[in-house]
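Structural characterization, general
The primary structure of each chain is shown beneath.
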Amino acid sequence: MLELRNLSFEVPTQERSQETKRIIDDLSLTIEDDRFTVITGPNGGGKSTLAKLIMGVEQPSAGQILFDGTDITHLPIAERAKLGIGYGFQQPARFKGMKVKKLLDLAAGKKLPMLACNEYLAKVGLCSASYLTREVDKSLSGGEMKRIEIATILARDPKLAIYDEPEAGIDLWSFDRLTETFRDIHSARNGRSIVIISHQERIIQLADDIVWIKDGRIEAQGAADVIMPQLGFLAKDHPICTLTQPTELHLTEIPTTC
Amino acid sequence: MTVDLSPIDQNLLSEIASIHGMPEGAYNIRKDGQLLVRNSSANIEIATKADNPGIDITIKPGTKGETVYIPVILTQSGLKDVVYNSFYIGEGCDVTIIAGCGIHNSCEEDSEHDGIHSFYCGKDARVRYIEKHYGEGEGTGERILNPVTNVYMEKGSHCEMELTQIRGVTSTVRDTNAELGEGAKLVLTEKLLTHDDQTATSNMKVALQGDESSVQVVSRSVAQGNSSQTFNPLVIGQAACRGHVQCDAIIMDKARVTAIPGIEAASEEAVLVHEAAIGKIAGDQIIKLMTLGLSEEEAEAEILEDFLS
Ligand SMILES: Nc1ncnc2c1ncn2[C@@H]1O[C@H](COP(=O)(O)OP(=O)(O)OP(=O)(O)O)[C@@H](O)[C@H]1O
Ligand SMILES: [Mg+2]
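The present account deals with the structure reproduced in this document. (Residues numbered from 1 in each chain as written. Chains lettered and ligands numbered in written order. Predicted model: local features only at pLDDT ≥ 70, side-chain atom pairs only at ≥ 80, totals over all residues.)

**Details of the sheet that holds strand β4 (residues 62-67) of chain A**
All names here are of chain A. Threshold: Each pair of strands is called paired provided DSSP finds at least two bridges between the two strands. The way it works is that DSSP assigns letters per residue, a run of H or I at least four long becomes a helix, a run of E at least two long becomes a strand, and they are numbered from the N terminus.
Taken together, four strands build an open sheet; the order of strands is β2-β1-β4-β5 and the sheet is antiparallel. Each edge of the open sheet carries a strand with a single partner, namely β2 (20-31) and β5 (70-71). Note that β4 and β5 share two bridges and pair antiparallel. In the sheet register, Phe67 faces β5, and the bridge partner there is Thr70.

Printed below as a string of structure tokens:
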């Protein structure tokens, strides 16, 4: 179980400035085991920042983070990873010279058999084993990179997995495969929780709980069937993000033959 | 053939040429300025040079799938070993040449090896050349390697050269020159890691003389500690050719890297491109690996290993 207590994150308004602005504003949230939670809300609302605070990539200015009852507010990133928190970045890092296979091995914390690697790739719609020997560098397309990022989290299999806009840049066919994967993980219900940051209606539909974040605060929260009908209304409040027009779902020329 | 190799010799040989025991086929192992052991094969003849110290390696036309090993090791402090090796690679060959120099210096005096290698690649020959340089030893004496590599490529020949300096070389000045005839193709990959107060300079000059010739120069380097590196690759296009130079360096601590990739076109049909990038390890790479449970040091080590792989 993850508990965020009165979490705040402030950054200086300008470099070396004394003035600060709040990106996350006194936010409290509990995510129970076995739950599938979607965090949504307008661009710049603070969703990725919240995920980075949970993973330890950013340090909160105030508040507490508890994971399974342990205070992890000041734990380094790697320690949180070892406790079972995983984060799939919105903008994945690229590595010159590193093979996809190696990245999956590092994620799993052991040398994976080829078969297992292929399964992870298939789960994100990358159906060719030849991806394993590709380098995780600029030669991968945006959508391929994004799916490999997701595959690292699948290989890691954390107790709490946070995926940051997994649908971004991914073609329709792979997207179908991906939603199926999330549904499978969720239906196993073996104490794992999934948090997905998303603007995509079809992902939001999979959720048990929905959290709507705007200006660093939770504007609405609750069971999916209660919040879903309100989303249109909430979105109208903020003209730049309308759920009926997903911003980043488009077709790319990635071969998908399975 | 049997020779006595000390554990130090064996370790050096495995670092630079991945040999354990005696290799198969043709080989020439040089230790402390002397021939240690040599073996010619049916298609590959190794002979002592008449004029200079060094060897002539003559590979019969049409030889396919064979490997020659010519490692050099230096374990004696205070020695300056200069050696000339010439490779005559016959028409239509397809061979691998494994060279390298390992220095173990446990004293105060300097050890130096300057290998001058010349490759004459015959028509349509395919050559893969792998060279590793490595230094070790607790002595304060410098470990110096100043290799010169000359490559002459005839029509349609194809050469892949992988030049690596792994660790422990105090100072190096590398000179690589190539002349490419019609349709010849050269891929030159250089990987360098310097640390502490080491210095490395790499000069390259590739002349694309024939139509349809092409070269790809890839330089990957890591500079740590107080070390400094300078890259000076120059590609000259004198025909309808293609050349690509790419220098990529990771800089750490107080190190310094200078990259001056140059291209010179003397034909309007020449297409030449160069790129250079120097920077520290990207923060997002380290953070990603930390989210997979690695410490900062472990993450750095993995990133560097793959960058130079
Ligand atoms: N380190 C930082 N310094 C300054 N501003 C920051 C920093 N981190 C985040 N911000 C700002 O905080 C706000 C929230 O950013 P965040 O990336 O969390 O938004 P988001 O909800 O994930 O948006 P999106 O839907 O576009 O991904 C943005 O306005 C962003 O510019
Ligand atoms: Mg975001």
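**Remarks on the site of ligand 1**
Residues and elements named next belong to chain A. Test applied: Nearness here has a simple definition: the residue's C-beta atom, placed using the backbone, must lie within 6 Å of the molecule or strand. In the scheme used here, Gly and all other residues not listed as nonpolar or charged are polar, with Ala, Val, Leu, Ile, Met, Phe, Trp, Tyr, Cys and Pro taken as nonpolar and Asp, Glu, Lys and Arg as charged.
Close contacts around ligand 1 come from Val11, Ile23, Asn43, Gly44, Gly45, Gly46, Lys47, Ser48, Thr49 and Gln90, and that covers them all. At three residues, helix α1 (residues 47-55) tops the list of elements feeding residues into the shell around ligand 1. For the shell around ligand 1, the class distribution of residues is two nonpolar, seven polar and one charged.

**Looking at the nonpolar core**
In plain terms, the rule: As used throughout, a nonpolar core is a set of buried Ala, Val, Leu, Ile, Met, Phe, Trp, Tyr and Cys residues joined through C-beta atoms within 7 Å of each other. Burial is judged by counting other C-beta atoms within 10 Å of a residue's own C-beta: 20 or more means buried, 12 or fewer means exposed, and anything between counts as partly exposed, with every C-beta placed from the backbone. Contact between two residues is assigned whenever their backbone-derived C-beta positions fall within 7 Å.
Residues B:Leu186 and B:Val206 are the most contacted members of the largest nonpolar core, which totals 144 residues. Residues contacting B:Val206, with those up to four places away along its chain left out, are B:Ala178, B:Leu186, B:Val215, B:Val217, B:Val235, B:Ile236 and B:Gly243.

**What to know about unusual backbone geometry**
We note that A:Asp215 has phi near 50°; this positive angle belongs to a residue other than glycine. On the secondary structure map, A:Asp215 appears in the loop between β9 (209-214) and β10 (217-223). Non-glycine residue B:Asp196 carries a positive phi angle of around 50°. When the 13 C-beta atoms within 10 Å are taken as the criterion, B:Asp196 is described as partly exposed.

**Some thoughts on the environment of B:Gln209**
Residues and elements named next belong to chain B. Positionally, Gln209 belongs in the loop between β15 (199-208) and β16 (214-223). Among the residues examined, Gln209 registers 19 C-beta atoms within 10 Å and is labelled partly exposed. With 140 residues separating them in the primary sequence, Gln209 and Tyr69 have C-alpha atoms 30 Å apart. When sequence neighbours within four positions are dropped, the list of residues in contact with Gln209 reads Glu179, Leu180, Gly181, Gln238 and Ala239.

**Comments concerning helix α5 (residues 142-156) of chain A**
Defined as follows: One less than the residue count of a helix, multiplied by 1.5 Å, gives the span that helix is expected to have.
The end-to-end C-alpha distance of α5(A), which contains 15 residues, comes to 22 Å, matching closely the 21 Å that a straight helix rising 1.5 Å per residue would cover. In terms of burial, α5(A) is a largely internal element, 13 of the 15 residues being buried.

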